[in-house]
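Here is what each chain is made of, one letter per residue.
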Amino acid sequence: MKNHVFIPVFVFWALLALFVAACAPPVGDDTEHANGTEDSEDKGTPQAAETPEITGQVQEGYTAAPGSAAASLAVTVTAPSDGGTLTYQWYKAESETAEGQAIAGAAGRRYTPPLNADGTAFYYVVVTNTADGKTAAVTSARAKIVVDPGLAAYTAGQFGGEENTADSQSITFTFSKAIDDLEADDITVADGSGSIVKGAVMGTPNSANRALFITVNKAGTVRVSIAKAGVESVPKDVTVFKAAGGPAPPEEDDEEEPEGPPGLAGTAWAWSGVKLTFRESAVTMTGVAKSYPYTFDGEERTGNIDTLGNFTVDQDFLRLTFENFNNLGGDPKVFDNLSAALTGTSWRFGRALLTFPSGAKARLHGFDYAYTYDSATKTGAITAKYGQPGPFTLSPEETTLTFSNYRDSKHEGSAIPVVFTKVTGTDQPPGGASLIGSDWWWTGTSLHLDFITDTVVLLWSFTGYYVPPILFDYTHSAAEGTGRIFNGRNDVGTKYDLGDYTISGDLLNFVQYGPYPHGAAFFLQE
């Protein structure tokens, strides 16, 4: 009997697979797949990273005085589509073509060159994209920065502040040395938007402080520079403010209020210093952050405010009564309709016109203030953080509003009352050249001059620059349009005079303001 070699089945199939593989053709990098596409991995030629694209080049340079506050240089680069990481390195070179030296620590999109040494330098940045261990780089344009000791350094103040809403504003320049004969044409405003129109340059000749007055068309940021004797200074970005409101604008909804329950939405009511303001479906109360849902039946004149209680409104819509307001107990609490009390009325004090456009807002000299009023006691207050007109009392005949401490003048020993008379349909604006009741604003600052008698003027600020306000004495010649504001008081809080002024139209101008080496121009606020 012959001996047979037994091969297990699994060994047979393994040997067969090895044989088939040995007979198959080799697979290369460019072998086509069954679907007709090539293998995606090219092991012979690694792909480079995507080269960054500079979409906003470095600014053209500028000339500056030593020690100036330099304007920064920057590039804008489009993010690479390969998901790589961008890095920056700034360089300083001696010419437009010389190779630059890397600046230690200058590794961001923006760089501010130092202006502490005379001479010329060229700055540029190299932007590198790194993706999957591969890199690609691009070099920016060069900015030529000249530091010229013959040019005066200056700083430029803001165009007003966030509260500044006037059409006429000012920007103040402070130089490192006196500047002769600075004119508006020497000052460049590069914005490309027509947001401002240049006016006159104010200040004493040979002064280190000047002010440029402008007319503001809209808000925005502009770049200002000064060119004199063929040399341009370092530019500075400043902000132009122009928006609705005033020193203390009341809080208002951004969107128009939808029509709510009939008769109450948009109304305001007050009792003993507590004010309720009705919105579409909720009520706000002074001193309380949250709002309260409410219901109201316009036909029955009854309603309920969550937590505060049930109320009724009289047929004349003048009183809103709670039998048990906020569970306080005692007598019913009667809220007066603020709109019915003062809304739509106008009051005049000399050249000042006070109006109440709504049950929450009073307007004086073009500024809007919040106010409260209690018709039961005929007392109220026009409020703001600073420069508020203050508490007032309505006369029994409802013909005058008396402010007992106008704009916080009591610190001078005795408050100066100011009386506004109700305007009727036959009243005319005041004539003559009296300054009483007029308010003048040094635009570009927060300072106001408020003439409250024929001999007393109040200097105040709606940002608290002077706290409390300061009273000065003054003399004025209407025929010549000139006057002087001086310290005639022992407790004025300061020992200097504001000085001589001239008035031309809506401008009250000091050639030299107080003890300072510069002038000041105040514009009339209507």
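What you see is a predicted model, and the numbers here were worked out from it, not measured in a lab.

Some remarks on the overall build of the protein
From N to C terminus, the protein includes two helices and 42 strands. Taken across its 526 residues, the protein has 42% of its residues classed as buried. Long-range contacts, defined here as pairs at least 24 residues apart, represent 49% of the contacts in the protein between residues at least 6 apart. For the protein, the accessible surface area stands at approximately 27,500 Å², while carbon and sulfur atoms represent 51% of it.

Looking at the sheet that holds strand β23 (residues 302–305)
The eight strands lie next to each other as β19-β20-β21-β22-β23-β24-β25-β26, forming a closed barrel whose pairing is antiparallel. Direction aside, the axes of adjacent strands within the sheet are offset by 30° on average. Relative to strand β26 (residues 333–337), strand β25 (residues 319–322) is paired through four bridges, and the arrangement is antiparallel. Counted as the bridge partner of F322 is K333 from β26.

Describing the pattern of salt bridges
What the rule picks out here adds up to six salt bridges. One salt bridge connects E398 with K378, and the closest N-O pair in it is separated by 2.7 Å. Of the two residues, E398 is situated in the loop between β32 (390–394) and β33 (400–403) and K378 in the loop between β30 (367–374) and β31 (379–383); the sequence distance between them amounts to 20 residues. Since its relative accessible area comes to 22%, K378 is described here as partly exposed. Of the charged contacts, one joins R407 and D450 as a salt bridge, the two residues approaching to 2.5 Å between their closest N and O atoms. Of this pair, R407 sits in the loop between β33 and β34 (418–422) while D450 sits in strand β36 (residues 447–451), placing them 43 residues apart in sequence. In this structure, R407 and D450 share a single accessibility class: buried.

Regarding the confidence of the model for the protein
Low pLDDT marks regions whose predicted coordinates should not be analysed in detail. In the predicted model, the protein carries a mean pLDDT of 75, and 65% of its residues have values of at least 70. Note that residues 18–45 has pLDDT below 50 and, in this model, ten contacts with residues that lie over four places away or in other chains. Ignoring residues within four places in sequence, the model shows residues 243–261, a span with pLDDT below 50, making 30 contacts including any to other chains.

Overview of the pairing of strand β8 (residues 119–131)
The buried count for β8 comes to ten of 13 residues, which makes it a mostly enclosed element. The pairing of strand β5 (residues 85–93) with β8 spans nine bridges and is classified as antiparallel. Its bridge partner being in β8, Y88 is matched across the sheet by V127. Where β8 meets strand β10 (residues 143–147), five bridges bridge the pair, whose relative direction is antiparallel. Within the sheet, the bridge partner assigned to A121 lies in β10 and is I145. Strand direction decides the pairing type here: β8 and strand β9 (residues 134–139), joined by six bridges, are antiparallel. Considered in β9, the bridge of A131 is made with K134. What sits between β8 and β9 in their antiparallel hairpin is a turn of two residues, with D132 showing a positive phi close to 55°.

Concerning the nonpolar core
In terms of nonpolar packing, the biggest core is built from 32 residues, with W347, L354, F356, I382, L401, F420 and I452 touching the most fellow members. Per-element tally for this core: the top contributor is β30, with four residues. Setting aside chain neighbours within four positions, we find F356 in contact with L342, T343, G344, T345, W347, K361, A362, Y371, I382 and L401.

Re the environment of I416
If you trace the backbone, I416 turns up in the loop between β33 and β34. Accessibility expressed as a relative area gives 16% for I416, which makes it buried. Contacts of I416, omitting those with residues within four sequence positions, involve F403, S404, Y406, S409, I452, T453, V456 and L471.

As for the sheet that holds β36
The strand order around the closed barrel built from eight strands is β35-β36-β37-β38-β39-β40-β41-β42, with neighbouring strands paired in antiparallel fashion. Ignoring which end each strand starts from, the neighbouring axes of this sheet average 30° apart. With four bridges connecting them, strand β37 (residues 456–461) and strand β38 (residues 470–477) associate as antiparallel partners. Among the inter-strand pairings, V457 is bridged to a residue of β38, identified as F472.

Structural notes on unusual backbone geometry
Notably, N327 is not glycine yet its phi reads approximately 60°, a positive angle. When you line up the elements, N327 lands in the loop between β25 and β26. Since its relative accessible area comes to 63%, N327 is described here as exposed. Its identity as a non-glycine residue notwithstanding, E398 has a phi of 60°, on the positive side. For E398, a relative accessible area of 37% translates into the label partly exposed.

What about the packing of aromatic side chains?
The final tally for this structure, using the stated rule, is 26 aromatic pairs. Here Y111 and Y123 contribute two aromatic rings whose centre-to-centre distance is 5.9 Å and whose plane-to-plane angle is 45°, an arrangement assigned as tilted. With a gap of twelve residues between them, Y111 in strand β7 (residues 110–111) and Y123 in strand β8 connect regions that are remote in the sequence. Classification of Y111 by relative accessible area gives buried; the value is 14%. Centroid distance F349 to Y406: 6.4 Å. Interplanar angle 65°. Geometry classified as edge-to-face.

Focus: the pairing of β10
Residues A143, I145 and V147 point to one face of β10 and are all buried, whereas K144 and V146, pointing to the other face, are not buried. Pairing of strand β2 (residues 62–64) with β10 involves three bridges; the strand directions are parallel. In the strand pairing of β10, A64 is matched with V147.

Overview of the environment of K92
Mapped onto the secondary structure, K92 falls in strand β5. For K92, a relative accessible area of 43% gives the class partly exposed. In contact with K92, other than residues within four places in its own chain, are G100, Q101, I103, A121, F122 and Y123.

Conventions used here
- Residues numbered from 1 in each chain as written.
- Predicted model: local features only at pLDDT ≥ 70, side-chain atom pairs only at ≥ 80, totals over all residues.
- Heavy atoms only, no water.
- Helix = DSSP H or I, 4+ residues; strand = E, 2+ residues; numbered from the N terminus.
- Buried < 20%, exposed > 50% of the residue type's maximum accessible area, 1.4 Å probe, protein only.
- Contact = heavy atoms within 4.5 Å.
- Areas by Shrake-Rupley, 256 points an atom, 1.4 Å probe, with all protein chains shown as cover.
- Pairing = 2+ DSSP bridges.
- Axes fitted to C-alpha atoms, helices over the stretch in contact; angles between N-to-C directions.
- Salt bridge = Lys/Arg side-chain N within 4 Å of Asp/Glu carboxyl O.
- pLDDT = per-residue confidence, 0-100.
- Core = buried A, V, L, I, M, F, W, Y, C linked by side-chain atoms within 4.5 Å.
- Phe/Tyr/Trp six-rings, centres within 6.5 Å; stacked < 30°, edge-to-face > 60°.

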